[in-house]
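Read off the chains here:
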Amino acid sequence: MIFIIKVNNRELEWYEGMTIEDIFKIKNYTWTKIIVKVNKQVIDEENYKITIVNDGDDVQMLHLLAGG
Amino acid sequence: MDINKLKEGRKLLKEFKYDLGSIEKGYTNRTLYVNISENKIESKEVTPLMKEKFIGGKGFGLYTLWHGTTPSTKWNDPENEIVISGGPVCGITQYPGAGKSLVCSISPMTDIPIDSNVGGYFGPYLKFSGWDALEVQGKAENDIVVFIDGDNGVVRIEEAPLEAVDSHVIAEQLTEMYAENEADKRNISVISAGTAAEHSRMGLLNFSFYDVRRKVQRFKQAGRGGIGTVFRDKKIKAIIIKFSNVKGDLNNAVDKAIINKAGLKLHKEMHYLDDKQNRMRQVGTAYSQEIMSAYDLLPVMNFQYGGHEDVKKISPDVFKNNYLTQGMADGCWYGCSMACAKTADGFELLTGPYKGQKVTVDGAEYETLAGCGSNCGIFDPRAILEINFYCDTYGIDTISYGTSMAFVMECYERKIINKEFTGGLELKFGNFEDSIEVLHQMSRGEGFGLILGQGVHRMKKIFAEKCGADPDFLFDIGMEQKGLEYSEYVSKESLAQQGGFGLTNKGPQHDEAWIIFMDMVNNQIPTFEDKAEALYYFPMFRTWFGLYGLCKLPWNDVTPANNKFTSEPAKIPEHVQNYLDVVYGVTGKKLNTTEMVRESERVYNFQRIFNIRLGKGLRANDKIPYRSAGPVTKEEYEARQERFDGQLKEILNYDVEGKTTEEKMAVLRKHRESQYEKLIDAVYKRRGWNSNGVPTIERLKDLGMDLPELIEVVKDMQ
């Protein structure tokens, strides 16, 4: 059985113990200004490594605009 | 450099003396008109209507240009104008990024108005010298300079036969000539173009600011749309301004305390957060090079691809560690703690007329790195800096040059053009030596440089006529729209950004809307209505900076620590409030966010109607080259096959099994082109335009822009 979470409203395969930091690696997100919310709750950058996401969670990783 | 000899060549054509006047709430309430055909100089009044509906900056530029020209004016007609205006906030030193001016003219590339924003000291000095705008009209018989003495209230037009044309030389000559001593050099700002601006359509203007630490004139560029070409066509070598008493309160602001408060808050953010965020103070706008590649957004080889493994060779740290000097005064106006104008000092040139000289290179900025680097397959930092330097001093827009050269290189590799046609130059991707020779040819006015200098729009026609190329294919791969070359982002996977480029007034330049992340990565604007709302709000909001004399970068290249807790973090609400406070502080005008956008919308619609007045500005003119929306060639498709196949299956329920690449490309293309048409419908509706892209009279009335001259243009097109 495949478990799914949503990242930016798109499905991502989930596994037990998956952290926010893991999602950054899977998605190859390297932008410098990303706001992370799990089920609408803001997660601080220093907690990415220890924040575990659960099956069915709604994760938002909002890349902010930049540039002139 | 014998300054006395240069002076001996001068001949005074006109001298105009004026009262220095005063600045009240950010306005001098008059503009300076200089006609170089008739050698006429006069002061014009700024009317209440101008201030109410056009604000300043780009608004004043477009308004003045409209009234100085006719529906049949071409870029090289004497009546075409170059208008420079800062705006009411321009010149304050308490809030970062407040030294911008906007330059407007009818463009040699697009044949419609172009606006280009620029830093440097000229804009603020113009206001402090007594003028809200400078309007230059006419065409001189011989090379001239215009000198504005803001200390003594004198304007002069002089013939200047002996001065150089290339910017890094003439700026030094004129600074030396007009400054009384070393300390006085910071009081001089020079506008110049360059030799290649004389022989191409993509000429730019360099606006100087004197770097007291490096002891050299540095430049910021009004780059887009060929205003430098207009400048040299008018036989202007330079416009010089001198103002000697810069202070923080010259705008006679209504409430200095509120400006100071907003400024201090932003300075602190810059101090504490910039190193963790975009590192603007270390590497400038080039910080995003590798990141864009990782997201498949960096143009590679004429926008065919969005990333390349060699991008690490031109990463920001390569420049920082090997070329850019750190800890210097890199703000292009006083008080800007973002200080993103990075510089390579003591850079030794390997080619061209200045070979062997050690020079200061302003940059390279992101657009130059992407346009003249990865988009041309050049991943050598040294080569890019050399191209950057020569583009600047020759007066050439690095975006138009980079995108044009990338187009030429693809045509060369596809054997659409050959070595015979290029005069022996092997213009393959990555060939720095032969491609920079084209730049030198542009300066000398010879060879293939004359062709490249026409830009992509005209090269498509030339290659079809002279080389028998398929015009449809050239339309697909030639990254220009309205005659202007695309700036340097791959928009294939973001429908909203296709509109962000395609539904602009002046042509595909990212300064109206950069919403790729919102759309493609964040998936925040999934419906047509969502995208239309973004393509309403952001272009209007970003237009606003150009009305007041502000730089956009401090708005969104650093963000407050608490921004993540706001309801609309993409808009950076705290910074928007700062701007409302600053405008109140200078002008006494209390705006809210709705009124802020409406101010822009008035000028935005005016510009759209200006385009229509000149025969463009309609739906047909908003068509985009397919490469900006999807894969044109088999190689492009197959390089991202998994993605495209997946989209065909998921979005269109199309069975890709057993289908050829060509069959799949055709289905994808039909879908993407229809999506763009639907986007246009949604955006036009949101902006209050009819299905042909014409502003409705109802909308104009709602905005208070039902001016007789505008109604006259649109009344039969409703």
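No experiment lies behind these values; they were computed from the predicted model shown.

Enquirer: I'm lost on unusual backbone geometry in this one. Help?
Expert: Backbone phi values are negative for most residues with the exception of glycine, while trans is the configuration of most peptide bonds. Residues and elements named next belong to chain B. Here Gly-363 and Ala-364 are connected by a cis peptide whose omega angle stands at 5°. Examined against the element boundaries, Ala-364 turns out to sit in the loop between strand E15 (358–362) and helix H11 (366–373). One non-glycine residue with positive phi stands out, namely Met-301, at about 55°. Following the sequence through the fold, Met-301 ends up in the loop between helix H9 (289–294) and helix H10 (316–322). Positive phi is not limited to glycine here, since Asn-523 has a value of about 55°. Note that Asn-523 resides in the loop between helix H19 (516–521) and helix H20 (528–548).

Enquirer: Would you take a moment to explain the pattern of salt bridges for this structure?
Expert: Any two side chains of opposite charge can pair, so long as their charged atoms come close to each other. Residues and elements named next belong to chain B. Tallied over the entire structure, the rule returns 66 salt bridges over all chains. Among the ionic pairs, Lys-428 bridges to Glu-426, the shortest N-O distance being 3.5 Å. Judged by its relative accessible area of 28%, Glu-426 is partly exposed. Taking the shortest distance from any N to any O, the salt bridge between Glu-493 and Arg-672 comes out at 3.2 Å. Here the residue Glu-493 occupies a position in the loop between strand E17 (484–485) and helix H18 (495–502), and Arg-672 occupies one in helix H26 (residues 661–687), the gap between them amounting to 179 residues. Residue classification places Arg-672 among the buried residues on the basis of a relative accessible area of 8%. A single salt-bridge network, built from bridges that share partners, covers Asp-211, Arg-214, Arg-218, Asp-330, Lys-342, Asp-345 and Asp-362.

Enquirer: Explain the sheet that holds strand E1 (residues 3–7) of chain A to me, please; I cannot follow it from the model alone.
Expert: What holds strands together in a sheet is hydrogen bonding between their backbones, with the strands either parallel or antiparallel. All names here are of chain A. Taken in spatial order, the five strands of this open sheet run E2-E1-E5-E3-E4, and their pairing is mixed. One side of each edge strand has no neighbouring strand; the edge strands of this open sheet are strand E2 (10–14) and strand E4 (41–43). Averaged over all pairs of adjacent strands, the angle between their axes in this sheet comes to 35°, without regard to strand direction. Relative to strand E5 (residues 58–63), strand E3 (residues 34–38) is paired through five bridges, and the arrangement is antiparallel. Directly across from Ile-34, in E5, lies its bridge partner His-63. Contacts between helix H1 (residues 20–27) and the sheet are confined to E1, E2, E3 and E5, with E5 contributing the most and set at about 60° to the helix.

Enquirer: Before we go on, may I ask you to explain the environment of Ile-41 of chain B in this structure?
Expert: Its place among the elements puts Ile-41 of chain B in strand E3 (residues 40–45). Aside from chain neighbours lying at most four places away, what touches Ile-41 of chain B is Lys-14, Phe-16, Leu-32, Tyr-33, Val-34, Val-155 and Ile-157 of chain B.

Enquirer: In this structure, what is going on with the domain arrangement of chain B? I would like to understand it.
Expert: Interface size is often expressed as the accessible area that is lost when the parts come together. Residue and element names in this part refer to chain B. By domain assignment, chain B separates into domain 1 (3–242), domain 2 (274–485) and domain 3 (495–558 + 592–717). Taken together, the contact between domain 2 and domain 3 spans 33 residues of the former and 36 residues of the latter. Where domain 2 abuts domain 3, roughly 2,600 Å² becomes buried across the two surfaces, and 60% of that area is made up of carbon and sulfur atoms. Counting the surface domain 2 buries against domain 3, the share from its top three residues, Asp-476, Gln-481 and Lys-482, is 25%. One salt bridge connects Glu-635 with Arg-414, and the closest N-O pair in it is separated by 2.9 Å. Inspection of the region where domain 2 meets domain 3 yields 17 residue pairs in polar contact (both at pLDDT 80 or more). Those elements giving two or more residues to the side of domain 2 that touches domain 3 turn out to be helix H13 (398–413), helix H17 (471–477), strand E16 (480–481) and E17. Residue contributions to the side of domain 2 that touches domain 3 peak at four residues, all from H17.

What counts, and where the lines are drawn
Residues numbered from 1 in each chain as written. Chains lettered and ligands numbered in written order. Predicted model: local features only at pLDDT ≥ 70, side-chain atom pairs only at ≥ 80, totals over all residues. Heavy atoms only, no water. Helix = DSSP H or I, 4+ residues; strand = E, 2+ residues; numbered from the N terminus. Salt bridge = Lys/Arg side-chain N within 4 Å of Asp/Glu carboxyl O. Buried < 20%, exposed > 50% of the residue type's maximum accessible area, 1.4 Å probe, protein only. Pairing = 2+ DSSP bridges. Axes fitted to C-alpha atoms, helices over the stretch in contact; angles between N-to-C directions. Contact = heavy atoms within 4.5 Å. Domains from an automatic or database assignment. Buried area = accessible area lost by both parts, 1.4 Å probe. Polar contact = N/O pair within 3.5 Å; in protein donor to acceptor, adjacent residues only side chain to side chain.

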